[in-house]
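Spelled out, the chains give:
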Amino acid sequence: MTNGSTALQHEVTLVELVDRVLNKGVTLTGDITLSVANVDLVYVGLRLLLASVGTLERLEADAS
Amino acid sequence: MVHLYALTEHPANLPHVRGIGATPLASAALGAIEAIFSEIDGDSAEPTESAILAHAHVVDEVARINDAVLPARLARPYENELALLAAVRDRDVQFRAALDRVRGCVEMGVRVLRKTNGNEADTPSGSQYMRSRLTSVKLAETVADELDEAVSGLARDALRGVTGTRELVLTASYLLAREDGGSFRAAVETVASDRPDLSYVCVGPWPAYSFALVDGGAS
């Protein structure tokens, strides 16, 4: 893996983790969740990954 | 203020890690259920990256040394321990049922992506958009059915999220026995080999966040 893709993997892992911690998991009472709940963060994360992979490929193509 | 990390069974094993803001962990039992929490400042309850990482780390460690764990969602803290336990007491029966469901299990996810060639029109017409969305949703349902069938011998519960978007076809979550992770990955690889136009990414294992939802999220 290149450093770039390792960094991306880290970003996506973090987005997945944020999605779990803020959107999943048990709530004791329905009114105490935080305002970012229910945003599809996995989708946001994958958009980030796909956009960044495109950038990386272009950078690698330019460098070669 | 009291921040909840997870509910588990009494007697709980308390991990030797610290919580949000390096606060020490504590636990309190209410019948068969034990709540793992820490006393935090009101200010450190904000969903910052460090709070999220600390919360997730505690949940991971609790799940590593306890059999049945319901990870808590990062939420506003409780006024004090009594308020937390009162909230647990209100839904005690549901929590015990949920603990039974996740005992000995982990969650694994599958993300299915479409391999795009980057040449699609950027601004489709309204009818093109609706047609492509309908196709995406139908594809997602088919892909999810194939996955469900492939892992039916392993999965104890399943949830699917169909976004119907061009890049991300499907997000699916499965509840499986801790020891079945390898077999699960192998089953997903078999399905993936029949779908060269799609990328399948296995994520996890992690504590059963998606199946801890007591309000009918995990049907």
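Rules used throughout
- Residues numbered from 1 in each chain as written.
- Chains lettered and ligands numbered in written order.
- Predicted model: local features only at pLDDT ≥ 70, side-chain atom pairs only at ≥ 80, totals over all residues.
- Helix = DSSP H or I, 4+ residues; strand = E, 2+ residues; numbered from the N terminus.
- Buried ≥ 20, exposed ≤ 12 C-beta atoms within 10 Å, placed from the backbone.
- Axes fitted to C-alpha atoms, helices over the stretch in contact; angles between N-to-C directions.
- Parallel < 35°, antiparallel > 145°, perpendicular 65-115°, else oblique.
- Left-handed = near helix turned anticlockwise from the far one by under 90°.
- Contact = placed C-beta atoms within 7 Å.
- Pairing = 2+ DSSP bridges.
- Nonpolar A, V, L, I, M, F, W, Y, C, P; charged D, E, K, R; others polar.
- pLDDT = per-residue confidence, 0-100.

Student: Account for the overall build of chain B, naming residues and giving values.
Tutor: Each helix and strand in chain B was counted, giving 5 helices and 8 strands. Listing each helix as α and each strand as β along chain B from the N terminus yields β-β-β-α-β-α-α-β-α-β-β-α-β. In terms of principal-axis extent, the alpha carbons of chain B reach across some 55 × 40 × 30 Å. Taking all 219 residues of chain B together, the buried fraction comes to 36%.

Student: Give me the packing of helix α4 (residues 126-150) of chain B against helix α5 (residues 181-193) of chain B: which residues, what numbers.
Tutor: Residues and elements named next belong to chain B. Direction vectors running N to C along α4 and α5 enclose 140°, while the axes themselves pass 9 Å from each other. One way to sum up the angle between α4 and α5 is to call them oblique. The chirality of how α4 crosses α5 is right-handed. Here α4 contributes E146, L147 and A150 to the contact with α5, which in turn contributes A187, V188, T190 and V191.

Student: Kindly report on the sheet that holds strand β5 (residues 105-114) of chain B, identifying the contributing residues and their values.
Tutor: Residue and element names in this part refer to chain B. Read from one edge of the open sheet, 4 strands run β6-β7-β5-β8, paired in antiparallel fashion. In this open sheet, the two edge strands, each paired with only one partner strand, are β6 (155-161) and β8 (198-206). Taken over all neighbouring pairs, the strand axes of this sheet differ in orientation by 20° on average, direction set aside. In this structure, β5 lies alongside strand β7 (residues 168-177), joined through 9 bridges in antiparallel fashion. Paired with M108 across the two strands is Y174, which belongs to β7. This element, α4, spans β5, β6, β7 and β8 of the sheet and lies at about 20° to β7.

Student: Report on the sheet that holds strand β3 (residues 33-39) of chain B, specifying residues and quantitative values.
Tutor: Residues and elements named next belong to chain B. Strand order in the open sheet formed by 4 strands is β2-β3-β1-β4, and the pairing between neighbours is antiparallel. Each end of this open sheet is capped by a strand with a single partner; those strands are β2 (25-30) and β4 (69-71). Ignoring strand direction, the axes of neighbouring strands in this sheet form an average angle of 30°. Relative to β4, helix α3 (residues 92-102) is tilted by about 110°, and along the sheet it contacts β1 (2-9), β2, β3 and β4.

Student: Summarise the interface of chain A and chain B; cite the residues concerned and give the values.
Tutor: Contacts between the two partners involve 21 residues from chain A and, on the opposite side, 30 residues from chain B. Looking at the side of chain A that touches chain B, the elements with two or more residues in it are α1 (3-23) and α2 (41-63) of chain A. With 6 residues, the single largest contributor to the side of chain A that touches chain B is α1 of chain A. Along the lines of polarity and charge, the residues of the side of chain A that touches chain B split into 13 nonpolar, 4 polar and 4 charged.

Student: Quick rundown of unusual backbone geometry? Include the residues and the values.
Tutor: Residue and element names in this part refer to chain B. Following H10, the chain continues to P11 via a peptide bond in cis, the omega torsion being 0°. With respect to the secondary-structure elements, P11 resides in the loop between β1 and β2. The omega torsion of the bond from G204 to P205 falls at 5°, within 30 degrees of zero and hence cis. If you trace the backbone, P205 turns up in strand β8. Phi angles above zero are rare outside glycine, and A22 is one such case at about 60°. As for its position among the elements, A22 is in the loop between β1 and β2. You can call A22 exposed: it has 12 C-beta atoms within 10 Å.

Student: Break down the environment of A32 of chain B for me, citing the residues and quoting the values.
Tutor: Locating A32 of chain B in the fold gives a position in the loop between β2 and β3. If we ignore the near neighbours within four places in the chain, the residues touching A32 of chain B are E9, H10 and R96 of chain B.

Student: Tell me about the environment of K24 of chain A, residues and numbers included.
Tutor: Topologically, K24 of chain A is positioned in the loop between α1 and α2. The exposure class of K24 of chain A is buried, given the 24 C-beta atoms found within 10 Å. With residues near it in sequence (within four places) discarded, K24 of chain A still touches R73, Y209, S210 and L213 of chain B.

Student: Explain the confidence of the model for chain B residue by residue, including any values.
Tutor: The pLDDT averaged across chain B works out to 89; a share of 92% of its residues lies at or above 70. Complex prediction metrics read pTM 0.83 and ipTM 0.79.

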